[in-house]
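Structural characterization, general
The chain contents come next:
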Amino acid sequence: MEIAIKTASPEERRAKPTDESKLGFGKIYSDHMFSMTWSQDRGWHDATVEPYHEIPMSPASLVLHYGQTIFEGLKAYRLEDGQIGLFRPENNIKRMNLSSARLDMPQIDEEAFMKALELLVQLDHEWVPHSGGASLYIRPTMIATEPYIGLKSSAKFLFFIITGPVGAYYPEGFNPVKIQVTEKYSRAGPGGLGAAKTAANYAASLLAEKEAQKAGYTQVLWLDAAERKYIEEVGSMNILFKIDGTVVTPPLGPTTLAGITRDSVIQLLKSWGVPVEERKLSIDEVVKAHDDGKLEEVFGSGTAAVISPVGLLNYRDRNLHINDGETGELALKLFEELTGIQYCRRPDPFGWMRKIAVS
Ligand SMILES: *Cc1c(COP(=O)(O)O)cnc(C)c1O
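What counts, and where the lines are drawn
Residues numbered from 1 in each chain as written. Predicted model: local features only at pLDDT ≥ 70, side-chain atom pairs only at ≥ 80, totals over all residues. Heavy atoms only, no water. Domains from an automatic or database assignment. Contact = heavy atoms within 4.5 Å. Buried area = accessible area lost by both parts, 1.4 Å probe. Salt bridge = Lys/Arg side-chain N within 4 Å of Asp/Glu carboxyl O. Helix = DSSP H or I, 4+ residues; strand = E, 2+ residues; numbered from the N terminus. Buried < 20%, exposed > 50% of the residue type's maximum accessible area, 1.4 Å probe, protein only. Phe/Tyr/Trp six-rings, centres within 6.5 Å; stacked < 30°, edge-to-face > 60°. Near = heavy atom within 4 Å. Polar contact = N/O pair within 3.5 Å; in protein donor to acceptor, adjacent residues only side chain to side chain. Areas by Shrake-Rupley, 256 points an atom, 1.4 Å probe, with all protein chains shown as cover. Nonpolar A, V, L, I, M, F, W, Y, C, P; charged D, E, K, R; others polar.

1. Things to note about the domain arrangement of the protein chain
In terms of domain boundaries, the protein chain breaks down into domain 1 (4-166) and domain 2 (177-342). For domain 1 and domain 2, the distance between their C-alpha centres works out to 28 Å. Taken together, the 19 residues of domain 1 in the interface contact 19 residues of domain 2. Across the interface of domain 1 and domain 2, roughly 1,600 Å² is buried in total on both sides, 59% from carbon and sulfur atoms. Summed over the shared surface of domain 1 and domain 2, the result is one salt bridge. D263 serves as the salt-bridge partner of R88, at 2.9 Å between the closest nitrogen and oxygen. Listed by contribution, the elements that provide at least two residues to the side of domain 1 that touches domain 2 are β4 (69-71), β5 (74-78) and α2 (89-102). Among the elements that take part in the side of domain 1 that touches domain 2, α2 stands out by supplying five residues, more than any other.

2. What about the pattern of salt bridges?
One pass over the full model with this rule turns up 18 salt bridges. Close ionic contact of E126 with K16 constitutes a salt bridge, the shortest N to O distance being 3.6 Å. Placement of the pair is E126 in the loop between α3 (110-123) and β7 (135-144) and K16 in the loop between β1 (4-5) and β2 (32-39), with a sequence separation of 110 residues. Judged by relative accessible area, E126 falls into the exposed class, the value being 54%. The partner of R187 in a salt bridge is E233, and the shortest N-O contact between them spans 3.3 Å. In this pair, R187 sits in the loop between β9 (177-182) and α4 (199-203) while E233 sits in strand β11 (residues 231-234), placing the two residues 46 residues apart along the sequence. In terms of burial, R187 and E233 fall into one category: buried.

3. A short note on the packing of aromatic side chains
Throughout the structure, instances matching the rule amount to eleven aromatic pairs. Ring centres 6.0 Å apart and planes at 70 degrees place the aromatic pair F34 and F159 in the edge-to-face group. With F34 in strand β2 and F159 in strand β8 (residues 156-166), this residue pair connects regions lying 125 residues apart in the sequence. A relative accessible area of 0% places F34 in the buried class. Grouping aromatic residues by their ring pairs yields a cluster made of F34, W44, F113 and F159.

4. Let's talk about the site of the ligand
Around the ligand lies a shell of 15 residues, among which K197, Y202, E233, T261 and T303 are the nearest. I260 has a polar backbone atom sitting 2.8 Å from an oxygen atom of the ligand. At a separation of 2.6 Å, an oxygen atom of the ligand approaches a polar side-chain atom of T261. Compared with its free state, where it exposes 380 Å², the ligand has 96% of that area covered by protein. Class assignment for the residues of the shell around the ligand results in four nonpolar, seven polar and four charged.

5. Some points on the side chain of E146
Here E146 lies in the loop between β7 and β8. You can call E146 buried: its relative accessible area is 16%. A distance of 2.6 Å separates a polar atom in the side chain of E146 from a polar atom in the side chain of K152. Residues contacting E146, with those up to four places away along its chain left out, are A60, S61, L62, K152, S153, S154, A155 and K156.

If you want it as structure tokens, here you go:
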């Protein structure tokens, strides 16, 4: 695949953030974006890197009406030698193609995808922050662009990648989150879209998140839609419980997103000899473990925060305090190890980092 490159002129270049401690998340975009178009007769074509720009599209575009869209999220890290590293990007590429298959969208050639990622990061390498904990967030997205008001799969798609610098999730050190277990709403049902990174799952979660926040919690923990009994995941994180020395996490299935951080955590724990079980875990078992004094730690895993300790779980009229609301030892160790690998400060025994040379 040939990628046409049109670099931003000096006037088109955007002002880079001067204070990396105030980056936040998701509000700043780098100078360039990648895009390519798919049509039934031509397949993928017109692969281009060009200045970040708005997308002209028909108000009848299928994505706006029926939500045929998928995305990914990964980060580029500034390494100590000045080069840049991506964390397990081939997994994001594979997962995007799984999401794509579920949403009846076209597959993307893995090599072409990787080439696009690398080229974009190389071109905008100056946008990769230098301060610890900060990184360049990368958001690949595919949308249905055929103008048509009838319900069907689109005959035209746009794939694009945008990037932007993001700050450390916990700039002042870990702050354990308070999570509410919801029985009122569900995120994904059997046979639905739960395993795909697609807009509908997040749209389904917004009201629940808002209600939880009004009640004083940060996020929602989803139970299975059929019985409201088994734990699934948090809005944008997988969840793990340390019960009596063993880490238990719900198994992957059609209603949960297969997190790359989750997989990395499991591999690390196994390599450390910490027992890990991927199995169904009911909310009743968690409450009982808490009441028996065996619920030692709870933490989420995801690209944005890497590891997110949970200090409190609210379920019905119970507030379960976990580890006195403090960050657990294992959560901290996992965070240190994972970020150590991501910034190449520690050895990378699993070969997770893909380095990008910048001149
Ligand atoms: C992206 C996401 C995760 C975490 O996946 P990572 O690959 O670890 O970032 C977990 N759950 C949901 C619903 C997600 O969208």
